[in-house]
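Given next are the chains, with one letter for each unit.
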Amino acid sequence: MLKLLINGKRLIPPPHRFPSPIWYSSSRIISPQELNLAIDYLTKSLGFSQDQAISTAHKLRRFNPKQNPNSVLDFFKRSGFNGSQINSIVSSFPRVLSINVVKTLEPKIRVLEGLGLSPDEMIGLLSGPGRFLMTSLGSSTLPVIKTMRSILGSDENVVRVLKKLGWSRGLPSPKCLGDNVELLKSRGMSRETVSKLMLMYPGLFYRKMSSLEALIERVEGMLGIRMDMNMFAHGLYVLGSMSDEKLDAKFGALRSYGWDDSDILIMARTNPLVLAISELKVKKGLDYYMKELGYHPKFIAAHPTLLGYSMEKRVRPRNAVLQVLKDKKLIPDSFGLYTALWSTESEFLERFVEPFKESVPEIYEVYKNYLRIPTKADG
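These figures come from a predicted structure and were not determined experimentally.

Cut-offs applied
- Residues numbered from 1 in each chain as written.
- Predicted model: local features only at pLDDT ≥ 70, side-chain atom pairs only at ≥ 80, totals over all residues.
- Heavy atoms only, no water.
- Helix = DSSP H or I, 4+ residues; strand = E, 2+ residues; numbered from the N terminus.
- Buried < 20%, exposed > 50% of the residue type's maximum accessible area, 1.4 Å probe, protein only.
- Areas by Shrake-Rupley, 256 points an atom, 1.4 Å probe, with all protein chains shown as cover.
- Lys, Arg positive; Asp, Glu negative; His and termini not counted.
- Salt bridge = Lys/Arg side-chain N within 4 Å of Asp/Glu carboxyl O.
- Polar contact = N/O pair within 3.5 Å; in protein donor to acceptor, adjacent residues only side chain to side chain.
- Contact = heavy atoms within 4.5 Å.
- Core = buried A, V, L, I, M, F, W, Y, C linked by side-chain atoms within 4.5 Å.
- Expected span 1.5 Å × (residues − 1).
- Arc of directions from axis to C-beta.
- Axes fitted to C-alpha atoms, helices over the stretch in contact; angles between N-to-C directions.
- Parallel < 35°, antiparallel > 145°, perpendicular 65-115°, else oblique.
- Left-handed = near helix turned anticlockwise from the far one by under 90°.
- Nonpolar A, V, L, I, M, F, W, Y, C, P; charged D, E, K, R; others polar.
- Phe/Tyr/Trp six-rings, centres within 6.5 Å; stacked < 30°, edge-to-face > 60°.
- pLDDT = per-residue confidence, 0-100.

Caption draft 1: Molecular detail of the overall build of the chain. Tallying secondary structure elements over the chain gives 21 helices and two strands in all. Per-residue burial over the chain gives 46% buried out of 379 residues. Carbon and sulfur atoms provide 52% of the accessible area of the chain, an area that totals close to 19200 Å².

Okay, here's the thing in structure tokens:
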């Protein structure tokens, strides 16, 4: 049986959590005098509305005009940021107004420019909780970018990873990144494969090494997916982001439709991403494939992408078209829906709709009822 516990130990770790930035954890509340100064500055210098200025000012712990926030705004303007971009950064992370331009802000911006980022592309990394701006350039930012570049092979790929992470996370710690890269290599993963994994699921490299190691063992032990298999990266992602309760509910849903554990394992090994599909969507798919079309669990397990298709926008419309063609003896009864589902929209229309629009005009109507394809009658 598939178990979520082995020898009393959790089979999969809980989803990774990231601590809140420490600079927002202080209990200090900005003084009324500083609050009024901040509101006045935001409305007059940045054109914030009163409500926006109040909301932004309350994110500050202190505000001292003598720290010359104008130098921050001037620097952003000189670096090519427009007013809207500057306002976005300040409203999300107002503490930027107190950052030293020469020591902190300018060196960080130059690093991002060196990666080929435009001001518009920098917004996400400079906004949010401010992790990027508040980490050390020499001991954190540069070592992480250097490690990423050595694995990913180019600055373009480094940027792809940063964007995929969602800028607000900032960069992983140098220790986590370095330890995880070495762990994967020590287990036989090539640099090229590590690069692919980082490009696909960069969030895995934020984990502590012990957490990633445990996750690797669980993917190999539970799903039987070895590190050298194509689906390994997907297995890491799925088991690393799903709680015990959700996974157990997914298994339970499959068993309630007559699936045994061997069927579930075949499906998981074929495409573990199916385990991330919502329980509701899985049940909806099983109702249609098994109860209406008579599909056997083993067929669905061997073709798990069936459960990922939209019932309303893909599966039912295409099956309705195929049924019309079968009734007219234009395609054999043995022709499978799965083949039609693999086709792109244009390919499906070109193969199963367009050739028959004269001889079987109702076929256009059948498909139109689902997807609103224009007909001659629509003018």
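Caption draft 2: Molecular detail of the side chain of K108. Summarising the element assignment, K108 is placed in helix α5 (residues 101-114). Put simply, K108 is tucked away with no salt bridge, and the nearest opposite charge, on E106, sits 13 Å away. Polar side-chain contacts of K108 include one of 3.4 Å to the backbone oxygen of L133. Contact partners of K108, with chain neighbours within four places excluded, come to F132, L133, M134, T135, S136, L137 and T141.

Caption draft 3: Molecular detail of the nonpolar core. Among the nonpolar cores identified, the biggest contains 119 residues, and F76, V96, L105, L126, W259 and Y289 are the most heavily contacted of them. Excluding its chain neighbours within four sequence positions, the residues that come into contact with W259 are L254, I264, M267, L286, M290, P297, I300 and A301.

Caption draft 4: Local environment of helix α8 (residues 137-152). Restricting attention to buried positions, one finds in α8 the residues S140, T141, V144, I145, M148, I151 and L152. On its buried face, α8 is in contact with α5, α7 (131-134), α9 (155-165), α10 (174-186) and α11 (191-200). Downstream of α8 by a residue or two, G153 has a phi angle that is positive, lying close to 90 degrees.

Caption draft 5: Just the pattern of salt bridges, in detail. Counted under the stated rule, the structure contains 20 salt bridges. Where K291 meets D287, a salt bridge forms, and the shortest distance between an N and an O atom there is 3.3 Å. Of this pair, K291 and D287 both sit in helix α16 (residues 279-292), four residues apart, roughly one helical turn. Exposure remark for K291: the relative accessible area of 61% places this residue in the exposed category. You can call D287 partly exposed: its relative accessible area is 29%. Between K357 and E354 there is a salt bridge whose closest N-O contact spans 3.2 Å. Exposure remark for K357: the relative accessible area of 39% places this residue in the partly exposed category.

Caption draft 6: Molecular detail of helix α1 (residues 32-46). Across its 15 residues, α1 extends 20 Å between first and last C-alpha, which sits within 8% of the 21 Å expected from 1.5 Å per residue. Turning to α1, its buried residues are E34, L35, A38, I39, Y41, L42 and L46. Burial along α1 is one-sided: seen end-on, the buried residues are contained in an arc of 165 degrees. Exposed residues on α1 whose side chains face more than 90 degrees from its buried face are P32, Q33, N36 and K44.

Caption draft 7: Fine view of the packing of α8 against α10. The interhelical angle for the contact between α8 and α10, taken along N-to-C directions, is 25 degrees, at an axis separation of 9 Å. Considering the angle they form, α8 stands roughly parallel to α10. Viewed along their axes, α8 and α10 form a crossing whose handedness is left-handed. From α8, S139, S140, P143, V144, T147, M148 and I151 reach across to α10, where they touch P174, L177, V181 and K185. A breakdown of the residues in the contact of α8 with α10 according to their chemical character gives seven nonpolar, three polar and one charged.

Caption draft 8: Representation of the packing of aromatic side chains. Applying the stated criterion across every chain, the model contains 12 aromatic pairs. Considering the side-chain rings of F299 and Y338, the 6.4 Å spacing of their centres and the 80 degrees angle between planes classify their relative orientation as edge-to-face. Of this pair, F299 sits in helix α17 (residues 297-302) while Y338 sits in helix α19 (residues 337-342), and the two are 39 residues apart along the sequence. Aromatic pair F348 and F352: ring centres 5.1 Å apart, planes at 35 degrees, arrangement tilted. With a gap of four residues between them, F348 and F352 both fall in helix α20 (residues 345-353), about one helical turn apart.

Caption draft 9: Representation of unusual backbone geometry. Despite not being glycine, K329 shows a phi value in the positive range, around 60 degrees. Topologically, K329 is positioned in the loop between α18 (311-327) and α19. For K329, a relative accessible area of 67% corresponds to the exposed category.

Caption draft 10: Spotlight on the environment of I264. Position of I264 relative to the elements: it lies in helix α15 (residues 261-270). Taking the C-alpha atoms as reference, I264 lies 7.5 Å from F251; in sequence the two are 13 residues apart.

Caption draft 11: The confidence of the model for the chain, seen in detail. Scored by pLDDT, the chain has a mean of 86; 88% of the residues are at 70 or more. When pLDDT is averaged over each element of the chain, α17 comes out on top at 96 and strand β1 (residues 5-6) at the bottom at 32. Between residues 1-27, whose pLDDT stays under 50, and residues either more than four places distant or in other chains, the model counts 60 contacts. For residues 374-379, every residue scores under 50 in pLDDT, and the model assigns this stretch eight contacts once sequence neighbours within four places are set aside.

Caption draft 12: Summary view of the environment of F76. Within the secondary structure layout, F76 lies in helix α3 (residues 69-78). The sequence separation of F76 and I86 amounts to 10 residues, and the corresponding C-alpha distance is 7.0 Å. Once residues lying within four places of it in the same chain are set aside, the contact partners of F76 are F81, I86, I89, V96, L105, I109 and L126.

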